[in-house]
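# Architecture and fold: a report
Spelled out, the chains give:
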Amino acid sequence: MDQNMRVVDAVKNGTISLPEPARSEIIRQFSGGQVFEPGVPVPEAAAWPELADAFLRS
């Protein structure tokens, strides 16, 4: 999630230039009021390590 928020920040401050429809959509999707506490796993993301491990073992 940290990487996504860095992209959103870069779009907001103009470091990454996008056409207006894409810019608004990125900001809307990733900064829609969601607050993530550091160190607290997000349930949707918490399954990825297990899924990746199962994939690599297969």
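Quantities reported herein were computed from a predicted structural model and do not represent experimental measurements. (Residues numbered from 1 in each chain as written. Predicted model: local features only at pLDDT ≥ 70, side-chain atom pairs only at ≥ 80, totals over all residues. Heavy atoms only, no water.)

### What to know about the environment of Val 8
The line we're drawing: In this description a helix means any DSSP run of H or I spanning at least four residues, a strand means any run of E spanning at least two, and both kinds are numbered starting from the N terminus. Exposed residues in this analysis have more than 50% of their type's maximum accessible area, buried residues have under 20%, and partly exposed residues fall in between, with area computed by a 1.4 Å probe over protein chains only.
With respect to the element layout, Val 8 can be found in helix H1 (residues 2–13). The exposure class assigned to Val 8 is buried, which follows from its relative accessible area of 0%.

### Examining the pattern of salt bridges
Worth spelling out the cut-off: Counted as salt bridges are all cases of a side-chain nitrogen of Lys or Arg within 4 Å of a carboxyl oxygen of Asp or Glu.
Counted under the stated rule, the structure contains one salt bridge. We note a salt bridge from Asp 53 to Arg 57, for which the minimum N-O separation is 2.8 Å. A residue pair is termed a helical-turn pair when its members lie 3 or 4 positions apart in one helix, as Asp 53 and Arg 57 do in helix H4 (residues 48–57) at four residues.

### Topic: the packing of H1 against helix H2 (residues 20–30)
Our working rule: Each axis is a line fitted through C-alpha atoms, and for a helix only the stretch in contact is used; angles between axes span 0 to 180 degrees, taken between their N-to-C directions. Just so you know how the angles are binned, under 35 degrees is roughly parallel, over 145 roughly antiparallel, 65 to 115 roughly perpendicular, and the rest oblique. Handedness of a crossing follows from how the near helix is turned relative to the far one, being left-handed for an anticlockwise turn of less than a right angle and right-handed for a clockwise one. The contact definition used throughout considers only heavy atoms, calling two residues in contact when any of these lie within 4.5 Å. Amino acid classes used here: Ala, Val, Leu, Ile, Met, Phe, Trp, Tyr, Cys and Pro are nonpolar; Asp, Glu, Lys and Arg are charged; the rest, including Gly, are polar.
In the contact formed by H1 and H2, the axes pass within 10 Å of each other and the chain directions differ by 140°. The angle between the axes of H1 and H2 places the two elements in the oblique class. Regarding H1 and H2, the two cross each other, and that crossing is left-handed. Residue-level contacts link Asn 4, Met 5, Val 8, Val 11 and Lys 12 of H1 to Arg 23, Ile 26, Ile 27 and Phe 30 of H2. For the contact of H1 with H2, the residue count by class is six nonpolar, one polar and two charged.

Function cannot be read off these values alone, since they describe shape.
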